[in-house]
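What the coordinates show
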Amino acid sequence: MVTGGDAAAEIMTEIEIVEFLNSNEGRKEIENALAALEQMGVHGIPKFIIEGTSMVDGAAHSDVFINIFREIEKRGEVRAGPVFSEILGVSAELVEKGSHSRDDLEAA
């Protein structure tokens, strides 16, 4: 699983992915994430959770997102970080980097 550091050295092979999916590895983290979603009242996807409090349906008009991000910009700070990074064991480094860097996209 890619969790940070040198992503090229951590990318799983197809066999490793199948083995992972057939194992119980990560089951606790997924169950914890599902419980957190249930507690938040999320019952469908896609759903965007911004600052851990603002929930936006994936089909929302772009103005909804723009208004939320403008409010954050006006405050000058983000109230809270990613909701599930700790639950799922995703490193702060990977959260900061994001799932796709410009270098990753240009290399593809």
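Below, the structure is looked at part by part. (Residues numbered from 1 in each chain as written. Predicted model: local features only at pLDDT ≥ 70, side-chain atom pairs only at ≥ 80, totals over all residues. Heavy atoms only, no water.)

Observations regarding the pairing of strand 1 (residues 47–50)
- Across four bridges, the pairing between strand 1 and strand 2 (residues 54–57) is antiparallel. Across the sheet, residue Ile49 finds its bridge partner in strand 2, namely Met55. (Pairing = 2+ DSSP bridges. Helix = DSSP H or I, 4+ residues; strand = E, 2+ residues; numbered from the N terminus.)

Things to note about helix 4 (residues 62–75)
- Its 14 residues place the ends of helix 4 20 Å apart at the C-alpha level, agreeing with the 20 Å of an ideal helix rising 1.5 Å per residue.
- Residues of helix 4 that are buried include every one of Phe65, Ile68 and Ile72, and no others. Down the axis of helix 4, the buried set is contained in an arc of 65 degrees. They therefore lie on one face. For helix 4, exposure combined with an orientation more than 90 degrees from the buried face picks out Arg70, Glu73 and Lys74.
- Elements that come into contact with the buried residues of helix 4 comprise strand 1 and strand 2.
- Phi turns positive, to about 85 degrees, at Gly76, one or two residues after helix 4. (Expected span 1.5 Å × (residues − 1). Buried < 20%, exposed > 50% of the residue type's maximum accessible area, 1.4 Å probe, protein only. Arc of directions from axis to C-beta. Contact = heavy atoms within 4.5 Å.)

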